[in-house]
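What follows is each chain in one-letter form.
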Amino acid sequence: MNYEAIDNSRTALALSQKKGLPFIIASVILWGLITYVSRLNLPLQERNLITFFCSCPLMPLATLIGKIIGVNIFDKTNPLSKLGFLFTINQTIYLIIVMWAFNSAPGQMVMLYAIVFGAHLLPYSWLYKSAGYKMAAVFIPIASLFLGLRFGSFVVALFTCMAELLLTIVLFAETSVLQRHKALA
């Protein structure tokens, strides 16, 4: 496969998957849940455990959202789909760091979770030709570190939820531009 074919596959994937919007919209919901959990009047270990469980509905939510916005998240017609899945699986390896924090630095667990979550978005900037993913992948981890050290879990979770909401808007705009550009070509 030459560069032009790869580039065409990236464009086709960005269009068919709407730049991963089902997952990003689902993450807004999940970070909203994490924000809520961080305000519960429960012991820290319990809040952290519930925070882990907040991520469990990612796939069902992304699938449902995909159906609503017309994206088959399991479409394998594009050869780069497997690469996108690999990028997603890569994050699960980094969750080991978050699991470590669960016991060793429980007060910093949500901050580390946000850092890992934000950083895992970087490869999608290449895959979907997206400046939005690139900005989020840099901004979310740096801001989460600062906010987590200064203000704590609630502020980090709220910030991450809002950053994901902003990324959703940016990705909708990027997808619209790409669709218009494709229609003109």
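Asks: Sorry if this is basic, but what is going on with the pattern of salt bridges here?
Replies: Once the charged atoms of two side chains with opposite charge are near each other, the side chains can pair. All told, the structure shown has three salt bridges when counted by the stated rule. Ionic pairing is found between D7 and R10, a salt bridge with its closest N-O pair at 3.4 Å. Of this pair, D7 and R10 both sit in helix 1 (residues 3–16), three residues apart, which is roughly one turn of that helix. Among the salt bridges present, the one from E174 reaches K19, with a minimum N-O distance of 3.2 Å. Placement of E174 in helix 9 (residues 153–184) and of K19 in the loop between helix 1 and helix 2 (21–38) is noted, with a sequence separation of 155 residues between them. Taken together, the shared-partner salt bridges connect D7, R10 and K129 into one network.

Asks: Would you take a moment to explain the packing of aromatic side chains for this structure?
Replies: The geometry of an aromatic ring pair is captured by two quantities: the separation of the ring centres and the angle between the planes. By the definition in use, this model includes 10 aromatic pairs. Between Y124 and Y128, the aromatic rings sit 6.0 Å apart at their centres with planes inclined by 15 degrees, giving stacked as the arrangement. Assigned by exposure class, Y124 and Y128 land together as buried. Cluster of aromatic residues (ring-pair linked, three or more members): W31, F52, F102, Y113 and F117. Sitting over the ring of F154, R39 keeps its end group 4.3 Å from the ring centre.

What counts and how
Residues numbered from 1 in each chain as written. Predicted model: local features only at pLDDT ≥ 70, side-chain atom pairs only at ≥ 80, totals over all residues. Heavy atoms only, no water. Salt bridge = Lys/Arg side-chain N within 4 Å of Asp/Glu carboxyl O. Helix = DSSP H or I, 4+ residues; strand = E, 2+ residues; numbered from the N terminus. Phe/Tyr/Trp six-rings, centres within 6.5 Å; stacked < 30°, edge-to-face > 60°. Buried < 20%, exposed > 50% of the residue type's maximum accessible area, 1.4 Å probe, protein only. Lys NZ or Arg CZ within 6 Å of the ring centre and 35° of its normal.

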